[in-house]
Amino acid sequence: MKPKSLVNIDDYSRDDILRIIETASKFKKHPDRSLLKGLVCGTLFFEPSTRTRLSFETAINRLEGRIIGFSDTATSSATKGESLKDTIMMVSNYTDIIIMRHHLEGSARYASEVSPVPIINAGDGSNQHPTQTMLDIFSIHETQQTLENLTITIVGDLKYGRAVHSLIEGLSHFNPTFNFVAPEEMKIPDKHKLYCDKKSIKYQEFADFSPESINSADILYMTRVQKERFTDLMEYEKVKNVYTLRNEMLKDSKPNLKVLHPLPRVKEIDQDVDNNPKAYYFEQARNGIYTRQAVICDLLNIDVD
Ligand code: CP
């Protein structure tokens, strides 16, 4: 039988999501435990990362597991032409679980099909970023005390943003209303609108980053325009600074509003927002440690109590 993996956020049911949040809350109170003692975790990053890799590694270190892996493909035998299948087969010889980021959509699914150990998708191209969604949902729950019936305004690169694509699916269990704010070049792809239609999820699309889209929101989810996904850099130049959130734009927002961002940011949130109590993106990134501890223990069937 294949081991359990986390490839797509829809590998998790509503109950799974709620269980991971509850476990992550326990880790937030007590992150240092000996739960991974004797286990080795592989971190294979074929694409750059700061938060995802380092929060996974912090999560594992705090659980006393050991880590092998690479953060730069140039130092792996992929540069000599080794296939993804062979890389996964080799690393699974050495490890109990593999965390992988790769530029190709579908690479994590493929890895999970060939791997004898669990695979965690740490981002596959523009497709999915399920552990980002888990920390986003944890942060939403932490700040709103509920996940139900919230209005989420998502701003920026809705075409290529894997964190956005996963978030829509992850929140689909909780009757959200989405405001999608994007220029024509980065509109949410039809398949995600069809997904919302199928699940009777309400959404509106905006080209302007209007006061209405900010002031109606419980969560304002800003995203970066992802230069690395554009094949035409002229297109990127046209849209790279399309929206910037400034502190004064939050003056009429709801009292419970929190501003989230998967980070890294470039210019889409001005630094004058950072000291506003509604800015939550740095704490959100910290929550990556606890949610990733919860995901790893869940996949390895480790009882955290
Ligand atoms: N949010 C996120 O995936 O950040 P990194 O690219 O730094 O891992």
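Rules used in this analysis
- Residues numbered from 1 in each chain as written.
- Predicted model: local features only at pLDDT ≥ 70, side-chain atom pairs only at ≥ 80, totals over all residues.
- Heavy atoms only, no water.
- Axes fitted to C-alpha atoms, helices over the stretch in contact; angles between N-to-C directions.
- Helix = DSSP H or I, 4+ residues; strand = E, 2+ residues; numbered from the N terminus.
- Parallel < 35°, antiparallel > 145°, perpendicular 65-115°, else oblique.
- Left-handed = near helix turned anticlockwise from the far one by under 90°.
- Contact = heavy atoms within 4.5 Å.
- Nonpolar A, V, L, I, M, F, W, Y, C, P; charged D, E, K, R; others polar.
- Core = buried A, V, L, I, M, F, W, Y, C linked by side-chain atoms within 4.5 Å.
- Buried < 20%, exposed > 50% of the residue type's maximum accessible area, 1.4 Å probe, protein only.
- Near = heavy atom within 4 Å.
- Polar contact = N/O pair within 3.5 Å; in protein donor to acceptor, adjacent residues only side chain to side chain.
- Areas by Shrake-Rupley, 256 points an atom, 1.4 Å probe, with all protein chains shown as cover.
- Salt bridge = Lys/Arg side-chain N within 4 Å of Asp/Glu carboxyl O.
- Patch = residues over 30% accessible without salt bridge, like charges linked within 9 Å, V, L, I, M, F, W, Y side chains within 5 Å.
- Pairing = 2+ DSSP bridges.

Q: Looking at this structure, I do not really get the packing of helix α5 (residues 130–144) against helix α10 (residues 281–299). What am I missing?
A: The description of two packed helices rests on the angle between their axes and on the distance between the axes. Interaxial distance between α5 and α10 falls to 8 Å at its minimum, and their mutual angle equals 115 degrees. Judged by the inter-axis angle, α5 sits roughly perpendicular to α10. In this structure, α5 crosses over α10, and the sense of that crossing is right-handed. Side by side, α5 and α10 meet where T131, Q132, M134, L135, D136, F138, S139 and E142 of the first sit next to Q284, N287, G288, T291, R292 and V295 of the second. The class makeup of the residues in the contact of α5 with α10 is 4 nonpolar, 7 polar and 3 charged.

Q: In this structure, what is going on with the nonpolar core? I would like to understand it.
A: For soluble globular proteins, the rule of thumb is that nonpolar side chains tend to be buried together. Counting 55 residues, the largest nonpolar core has I154, I168, F178 and I296 as its most contacted members. Here the element with the most residues in this core is α10; it accounts for 7 residues. Counting 18 residues, the second largest nonpolar core, distinct from the first, contains V155, L220, I269 and Y281.

Q: Sorry if this is basic, but what is going on with the site of the ligand here?
A: The immediate surroundings of the ligand are formed by S49, T50, R51, T52, R101, H129, Q132, P262 and L263. Residue R51 places a side-chain N or O atom 2.9 Å away from an oxygen atom belonging to the ligand. Between a nitrogen atom of the ligand and a main-chain N or O atom of P262, the distance comes to 2.8 Å. Protein coverage of the free-state accessible area of the ligand, which is 250 Å², stands at 90%.

Q: In this structure, what is going on with the pattern of salt bridges? I would like to understand it.
A: Pairs may arise between side chains of opposite charge once their charged atoms sit close together. Inspection of every chain in the model, using the stated rule, returns 22 salt bridges. Here the salt bridges do not stand alone but share partners, grouping K4, D16, R19 and D298 into one network.

Q: Sorry if this is basic, but what is going on with a nonpolar patch on the surface here?
A: Taken together, the side chains of I68, M90 and Y94 present a nonpolar region at the surface, about 280 Å² in accessible area. Of note, I68 is situated in strand β2 (residues 66–70).

Q: Which parts of the structure should I look at to understand the sheet that holds strand β1 (residues 40–45)?
A: Within a sheet, each strand pairs with its neighbour through backbone hydrogen bonds, oriented either parallel or antiparallel. Read across the sheet, 4 strands follow the order β2-β1-β3-β4 without closing on themselves; strand pairing throughout is parallel. Bordering the open sheet on either side are β2 and β4 (119–124), each of which pairs with just one other strand. Within this sheet the neighbouring strands show an average axis-to-axis angle of 15 degrees, counted without direction. Bridging between β1 and strand β3 (residues 97–102) involves 5 bridges; their strand directions are parallel. Across the sheet, the residue bridging to G42 is I98, located in β3.

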